[in-house]
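# Geometric and topological summary
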Amino acid sequence: MQQTHRVAVIGLGLIGGSMAIDLKRRGFASEIIGVEADPVNAAAALKIGLADRMVPYDECVREADVIILAVPVGTVLKMLPDILDRIGECAGIENPGRTGGNQGAGVIRKVVLDVCSVKECLVRSVHCHPMRKCYVPTHPMAGTEYSGPWAAMPGLFDGRACIICDSGESDSHSLRVAEALYSALNMRLIYMNASGHDVHAAYVSHISHITSFALALTVLEKEKDEKHIFDLASGGFSSTVRLAKSNADMWVPIFSRNRDNVLRVMDTYMEKMKEFRAAIAEGNEDNIRSLIEDANRIKRIIR
């Protein structure tokens, strides 16, 4: 029989709210404790039924078995060390925020997960924390361009991949709980180190959003009469630019914290754009065809 847990979700938007729905429905969570800084979002999360109750941030660590950080990476950078400090205090550990604190004072059964798409900065921030073993860095690869509690939906994660980073730094209990949580969400687990994750995320996720933002700005700059955009937009344009509706509060810290990887991917992308531009400017149809056919190889990866 599956063990149930009292789960605190900090940030009940698209990702946190969708996790809350399925973790409760599928029996992983006996109770969902919500934490929301925005009172409007907090009220909406309760009304929609994403959480059984809302509590202040400083209470969630004391009450929950599993704590999910589903807020922007900049906020997680501030919260994560504090939460690990609080876990240490709950276990009676002296000076929990310092390496070398008394680690024999209690048995730690609380687990902390984050769901951010940038990992290296997070694992570095708590690398020497004595409660690091309670933390499992994860990235469920799912989402839409919408945000807020109203965007949460059941089944968002079904069949998708979840990356678990630096699993050897987490204790066996925390890792088992994280694996069980994502199993309840019906996700495929992939294990890699944090730096490798950030490189891959830059290529498969971050550049897609930058491209979409840039395309939207390009079209809006050229087409001042927005009515024509809506009149002429086809499925291809809509699917390409839909990510431009994504929330800036989430993506600004992602681009900032994964800057070096994102810049390298952007440089490569702009080189390919220049190749297309040169071929089109020269009227060289053979080169245009060659570039397109080379790009068609992506069908081996994405079907």
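Summary of the structure given here. (Residues numbered from 1 in each chain as written. Predicted model: local features only at pLDDT ≥ 70, side-chain atom pairs only at ≥ 80, totals over all residues. Heavy atoms only, no water.)

Now for the packing of aromatic side chains. What the rule picks out here adds up to two aromatic pairs. Here Phe 213 and Phe 255 contribute two aromatic rings whose centre-to-centre distance is 6.3 Å and whose plane-to-plane angle is 85 degrees, an arrangement assigned as edge-to-face. Linking Phe 213 in helix H7 (residues 194-222) with Phe 255 in helix H10 (residues 248-257), this pair joins segments that are 42 residues apart in sequence. Within the aromatic cluster, the residues linked to one another by ring pairs are Phe 213, Trp 251 and Phe 255. (Phe/Tyr/Trp six-rings, centres within 6.5 Å; stacked < 30°, edge-to-face > 60°. Helix = DSSP H or I, 4+ residues; strand = E, 2+ residues; numbered from the N terminus.)

On to the sheet that holds strand S3 (residues 53-54), then. Strand order across the open sheet formed by eight strands is S3-S2-S1-S4-S5-S6-S7-S8, with mixed pairing between neighbours. Looking at the sheet topology across the chains shown, the edges are occupied by S3 and strand S8 (188-192). Each of strand S6 (135-140), strand S7 (161-165) and S8 is contacted by H7, which is oriented at about 115 degrees to S8, the strand it contacts most. (Pairing = 2+ DSSP bridges. Contact = heavy atoms within 4.5 Å. Axes fitted to C-alpha atoms, helices over the stretch in contact; angles between N-to-C directions.)

With respect to burial, strand S1 (residues 5-10) is a largely interior element, five of its six residues being buried. Crossover S1 to strand S2 (residues 29-35) through helix H1 (residues 14-25) is right-handed. Where S1 and strand S4 (residues 66-69) come together, four bridges link them in parallel fashion. Across the sheet, residue Val 9 finds its bridge partner in S4, namely Ile 68. (Buried < 20%, exposed > 50% of the residue type's maximum accessible area, 1.4 Å probe, protein only. Right-handed = clockwise from strand over helix to strand, strands pointing away.)

Tallying each qualifying case throughout the model produces 14 salt bridges. Two residues, Arg 6 and Glu 31, come together in a salt bridge whose shortest N-O distance is 3.1 Å. Remark: Glu 31 occurs in strand S2 and Arg 6 occurs in strand S1; sequence separation between them is 25 residues. Accessibility expressed as a relative area gives 17% for Glu 31, which makes it buried. Residue Asp 82 pairs with Arg 86 through a salt bridge whose shortest N-O separation is 2.7 Å. Residue Asp 82 and its partner Arg 86 are located together in helix H4 (residues 73-90), separated by four residues, close to a single helical turn. When its relative accessible area of 25% is taken as the criterion, Asp 82 is described as partly exposed. Judged by relative accessible area, Arg 86 falls into the partly exposed class, the value being 25%. (Salt bridge = Lys/Arg side-chain N within 4 Å of Asp/Glu carboxyl O.)

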